[in-house]
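Descriptive analysis of the structure
Each chain, letter by letter, is given below.
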Amino acid sequence: MSAFVHLLLAEFRILRRSWLALFFTLIFPLIFIVIFGFLFGGIGEVDRSRMGLVISGPDGELLESVIGDAGTMEIVRYEAVEDLSTDVGERVVDFGLAWDGSTLRSFLDPSRVQENFAFQQVVEGMQDDFDLRRQGLTNPIGVEAVHVGPSDAAGWFNLVVPGILAFSILSTGLFAVSGHLTEMKERHTLDRMIVTPMRPVALLAAIASVRLVLAFVSTLITLFVAIALFDLSFDVSWPRYAVFVACSTLGTMGLGTCIALLVRRPSSASNIANALAMVMMFLAGIYFPAEFMPRFLQVLGQWLPLTHMANAMRYVTGVLDMSAARFWTTSAAFLGIAVVLFPILGRYVVRPLRR
Amino acid sequence: MTQQAVLRVTELTKHYGDVRAVDGISFSVEPATVFTLLGPNGAGKTTTLEILEGIREPDSGEIEAFGQRLRRVDRATKARMGVLLQEGNFEAHLKAKEVVALFASFFGRSVSVPEILDRVALGEKANALVKTLSGGQKQRLAVAVALVNDPELVFLDEPTTGLDPQARRNMWSIVEGLKERGKTLILTTHYMEEAQALSDWVCIMDHGKLIAEGTTRQLTADLAQNTRVEFRAESLPDVARSALEACCLGARAEDGTIVLETADLPRTMQALLEWSRKHDVPLHQLGVRQPDLEDVFLSLTGRRLRE
Amino acid sequence: MTDILLLARTHVVTALRERVTLFWFLVFPIFLLTILALIFGRIGEESEIHFDIALVNRDVGAPADGFSARIASIFVEMSTAKESGERPLFSLHAPSLDESHDDFLAREEQALRRGELAAIVVIPEGFHEAVLATAMAPIMPDPPSFEVLMSESDVASEMAAGIIEQIIVEVDREILVQMGRFDESAAIGRAQVWVGEDAADEVRYVDFLLPGVILMGFFTNGLFGVPGAILFNRDRKVLRRYWVTALPVGRYLVGFSLGHLALCVMQFVLLYLLGRFAFGARVSFARLDAALLLVLSAVTFMAFGFLIASLARTANAGMAIANVLNMPMMFLSGLFFPTGGLPTFLAVFAAVNPVTYLVEGLRTSVGVQTASTSPILLLAVPLGWIALSAAVASRRLRWDVAR
């Protein structure tokens, strides 16, 4: 028991002093959140955009009323269409609308590829509305969108944050083995330990314990920063949160074990883990919705552990719903991976480095 | 015929804060000789060499190389030198032949790469990546690189440290071969046998200072004239020990070996045999030897070369 | 000259022979280009998008050719397989004959919360009558609505709801025309104008993306490759072996830089070929300004790499600095996302970031963007960084390990 405690303290000290590892697990996700939070806030947010307007025909007041109903864009009036066009091109305004009495023309900057879709939608809505109201008509049929999500979601970013938490857990678990442990093997630190009566399980337990604490601390910090900076709200189920963070941290350590066993040289393990983590991050629907990916990539995504981790984290933070059965199965699966692979990892620790 | 010294160093100094790594040393190196700097680790040998190789600035002192006075070793001088560093690496993903070609290009020379590799017995490894070479092979590659410009003066910094005995013997024969071809060699080592086997001139360094120089024979003759008698004994009772002192000039114990110094071998041997019989101490591995550089160093500093 | 060329060759060869470098410098940008082109290239192209939706028509008493039925049949039609083999827009879930509407709704709502369903359309009781009354009223009141249950935090759901709203707009128009209330001859004209000099058509996403990914490749190569190579070689005393020969540091630098630029050329060629032949990019770099900007970018990022190498004491510290800077510099630059509306401290970063200017400059030069920054500034900021990096590196970059 004493060996475990000493190893535990040693692992804590090593972690505290290896600011590199700390940076990646604590600061990295925060940088992510901050940057993405502010970036995503700006895409296609029509209600905060600037629209240029030229009215040189009748029904001007009606048009203004239609525009007012369409959204809260800031309206900039122009006298001449040429000026409006130039200003759209120079991004003084985000898009433009011109009414000459017979045609309602929209002006868009072709290079704003990611935002034009939203602008076009608003413009089309205004064109439809104006067309009807000019003839004294309104729509006979209306559509009312009713949100039935589990919480007061603020949109896509609510989905992104748990995804980032999942990624943070993935790196913690993965690099604990394919990074920390493999480095110990490469530097023969492990060799020195295994010639003593130290039992591998004590070392593994120490490493796992430290990583568990790290996973909790880092995800909690990231979560609270996201809430504080972006005024998000989450409906966290703490018991399930605790269970899943624990199971998935251990499970991803198991994944790290697989990598460590497959590489020829221990030092390659961390590079491969890094590459895999990056690829998974894209394919698991963390940066952008999986629905946008082609079918075969979506299918591939379903096989990635990170995808399931992200979904589970969304569930425990109350962003997305999931059947209880699915949640517990997922958690059990991660725990199962850990249980199966830890003894194998123990043998890896003891096996001397091949020269 | 007076031969101009290839290299002359005067009052060379290098400090690191309070530490005087090189403390006002002076020596000169004659052409086609093997000049050795001998001393324990930390004596300042490598620092001295690094200054002469042009990768470290001296704090003061004069360097005269190939008859030119220099404040600092310059490019033209480097072109006439070859350097085997104590520590260094090659790009792991280059092939041996690529390494040689690369270094040759630094001197603006085109060389026959296969020939150079053959000379260090790496001909078969021409296409092997550096990372696949063994320690000894990498060292040989380093030698090849050091000689790629057919230099007149070659620096070898601890050339056999960390090598197995076979590799060490190979290195010694390379050194001897170079000397036969008329090259001047400056060697540093902390191995006494190496200094004795290879050198024409030895400078002993300790704590940054030059404490003795000369041929091996001169050094041992001047400073340690006495014959050594050695035998192995684990521990001696005090009575026996003091009796032992009486039959020689001095006795000391080292790692289970008793070493006696004597100027009169026959008398000491007789007294020793008597003593052995009288105190019932067997004389295991009894041996007689001439003083060596180890003894020289010991008599100068009271310490061993190899700590 | 041979020494410089051989040093350049060494740099290229060691990069290509080392798997790690090969991955980050070649494989990763290719992967990124592929993923982003596949994904973002499809926004607005709804041909392959597909949604699972559910429909409940509670207006059971309405006539079979009434409005409620009409709405329902539209959704049914849009979820039927086409002769052309094209995938229908929707997959429709409807209650089975013996299932009550309430049970069905409860079940589907749960599926919606779990992200298994994009939207639920609920046509309320009495809908047909309400619509009829509205459509016939002399002064039209606010229209009756049917509900679309969706989830705001699910992008697919948002898209589905948006599409449904658009469908209804068209239906509305048809109804009004059929009832003779809407005079088509008095309808407004509609036109969309693409602003800009060469703008003949909307810019395709892959053409917008390709310059960005190329720049990103140069960027990671410079940010990681340069400090990595120099610092690791310095710490392992590979460089020291060079310094004991007659090779001056300057020539080493020239050879190294040449090798680095050769690697950038390789990246460019591979990414361009991939973009052109796999994703149909039409953008052309065969113009003087584009070529100059490519060279300027490669040099700027290389210089930046030297700057990092000067500021780091060990190789690990250098890699750490590179990692810290990597994400902010890449994302706060307009490379992937527009940077309007950032809070001050991030906007300042974007304004000092050389990537911002190089991206805008390159995209403008190949005609996928109109520059909103003056050309002088577009060149001055990167050049300024090159000058700064050169100044710092020449004073601080240590070429040999200290004692």
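Owing to the predicted nature of the structure, the values given are computational and were not obtained by experimental measurement.

**Some points on the overall build of chain B**
A tally of helices and strands in chain B yields 11 helices and 14 strands. Judged by the C-alpha coordinates and their principal axes, chain B covers about 75 × 45 × 45 Å. Taken over 307 residues, chain B has a buried fraction of 39%. Excluding contacts between residues fewer than 6 apart, the proportion of contacts in chain B whose partners are at least 24 apart in sequence is 69%.

**Re the overall build of chain C**
Secondary structure summary: chain C contains 14 helices and 5 strands in total. Its C-alpha atoms put chain C at 100 × 50 × 45 Å along the principal axes. Each of the 403 residues in chain C was classed as buried or not, and the buried ones make up 43%. Across chain C, the fraction of contacts at a sequence separation of at least 24, relative to all contacts at a separation of at least 6, is 76%.

**Describing the interface of chain B and chain C**
At the junction of the two partners, chain B supplies 22 residues and chain C supplies 21 residues. Among the secondary structure elements, those contributing two or more residues to the side of chain B that touches chain C are helix 2 (75-78) and helix 3 (96-106) of chain B. With 5 residues, helix 3 of chain B is the single largest residue contributor to the side of chain B that touches chain C.

**What to know about the arrangement of the chains**
Take the 2 pairs of chains in contact: the one carrying the most contacts is chains A and C. Taking C-alpha atoms only, the smallest gap left between chain A and chain B, which are not in contact, amounts to 12 Å.

**Quick word on helix 3 (residues 67-77) of chain C**
Residue and element names in this part refer to chain C. Turning to helix 3, its buried residues number three or more, namely Phe67, Ser68, Ile71, Ala72 and Phe75. Projected onto a plane normal to the axis of helix 3, the buried residues spread over an arc of 140° and lie on a single side. Turning to helix 3, the residues buried within the fold contact strand 1 (51-57), strand 2 (90-93), strand 3 (119-123), helix 5 (127-136) and strand 4 (145-150).

**Considerations on the sheet that holds strand 13 (residues 257-262) of chain B**
Residues and elements named next belong to chain B. Here we have 4 strands laid out as an open sheet, ordered 12-13-11-14, and antiparallel in their pairing. Each having just a single partner strand, strand 12 (250-254) and strand 14 (284-289) make up the two edges of the open sheet. Going from strand to strand, the sheet's axes swing by 15° on average, the running direction of each strand aside. Relative to strand 14, strand 11 (residues 227-232) runs antiparallel, the two being bridged by 4 bridges. Its bridge partner being in strand 14, arginine 232 is matched across the sheet by histidine 284. Here helix 10 (residues 265-279) sits on the sheet in contact with strand 11, strand 13 and strand 14, set at roughly 20° to strand 11.

**Here we look at the confidence of the model for chain C**
For chain C, per-residue confidence averages 87 on the pLDDT scale, and 96% of positions sit at 70 or higher. ipTM for the predicted complex: 0.82, alongside a pTM of 0.83.

**What to know about the domain arrangement of chain C**
Here the domain parsing of chain C yields domain 1 (2-42 + 202-396) and domain 2 (51-186). Summarising the inter-unit geometry, the C-alpha centres of domain 1 of chain C and domain 2 of chain C are found 51 Å apart.

**With respect to the sheet that holds strand 2 (residues 74-77) of chain A**
Each strand in a sheet pairs with its neighbour through backbone hydrogen bonds, running either in the same direction (parallel) or in the opposite one (antiparallel). Strand order in the open sheet formed by 5 strands is 2(A)-1(A)-3(A)-4(A)-5(C), with mixed pairing between adjacent strands. In the strand order of this sheet, the two ends are held by strand 2 of chain A together with strand 5 (189-194) of chain C, each with one partner. The sheet shows a mean angle of 25° between the axes of neighbouring strands, direction not considered. In this structure, strand 4 (residues 103-108) of chain A lies alongside strand 5 of chain C, joined through 6 bridges in parallel fashion. Bridging from a neighbouring strand, Phe107(A) pairs with Val193(C) of strand 5 of chain C. Sitting on the sheet, helix 5 (residues 116-134) of chain A touches strand 3 (95-99) and strand 4 of chain A together with strand 5 of chain C, and the angle it makes with strand 4 of chain A is about 170°.

**What to know about unusual backbone geometry**
Phi is positive for Asp231(A), close to 55°, though the residue is something other than glycine. With respect to the helices and strands, the residue Asp231(A) is situated in the loop between helix 8 (200-230) and helix 9 (238-262). Even without being a glycine, Gln285(B) presents a positive backbone phi close to 50°. Assignment of secondary structure puts Gln285(B) in strand 14.

**So, the pairing of strand 1 (residues 50-55) of chain A**
Residue and element names in this part refer to chain A. As defined by bridge partners, strand 1 adjoins strand 2 across 4 bridges and the pair is classed as parallel. Each residue of the ladder has a partner; that of arginine 50, found in strand 2, is glutamate 74. Between the parallel pair strand 1 and strand 2, the chain is carried across by helix 3 (residues 60-70), and the sense of this crossover is right-handed. As paired elements, strand 1 and strand 3 share 5 bridges and run parallel to each other.

**Describing the pairing of strand 1 of chain C**
All names here are of chain C. With 6 of 7 residues buried, strand 1 is to be regarded as a mostly interior element. Crossover connection from strand 1 via helix 3 to parallel strand 2: handedness right-handed. Across 5 bridges, the pairing between strand 1 and strand 3 is parallel. Opposite asparagine 57, over in strand 3, you have isoleucine 123 as the bridge partner.

**Some words on the interface of chain A and chain C**
Between chain A and chain C, the residue contacts involve 73 residues of the former and 79 residues of the latter. Elements supplying a minimum of two residues to the side of chain A that touches chain C: helix 2 (19-42), helix 4 (81-89), strand 4, helix 5, strand 5 (142-147), helix 6 (156-186) and helix 10 (266-283) of chain A. Ranked by residues supplied to the side of chain A that touches chain C, first place goes to helix 2 of chain A with 9 residues. Taken together, the residues of the side of chain A that touches chain C break down into 39 nonpolar, 21 polar and 13 charged. Here strand 5 of chain A pairs with strand 4 of chain C via 6 bridges, running parallel. Across the sheet, Val146(A) pairs through a bridge with Leu149(C), a residue of strand 4 of chain C.

What counts, and at which threshold
Residues numbered from 1 in each chain as written. Chains lettered and ligands numbered in written order. Predicted model: local features only at pLDDT ≥ 70, side-chain atom pairs only at ≥ 80, totals over all residues. Helix = DSSP H or I, 4+ residues; strand = E, 2+ residues; numbered from the N terminus. Buried ≥ 20, exposed ≤ 12 C-beta atoms within 10 Å, placed from the backbone. Contact = placed C-beta atoms within 7 Å. Arc of directions from axis to C-beta. Pairing = 2+ DSSP bridges. Axes fitted to C-alpha atoms, helices over the stretch in contact; angles between N-to-C directions. pLDDT = per-residue confidence, 0-100. Domains from an automatic or database assignment. Right-handed = clockwise from strand over helix to strand, strands pointing away. Nonpolar A, V, L, I, M, F, W, Y, C, P; charged D, E, K, R; others polar.

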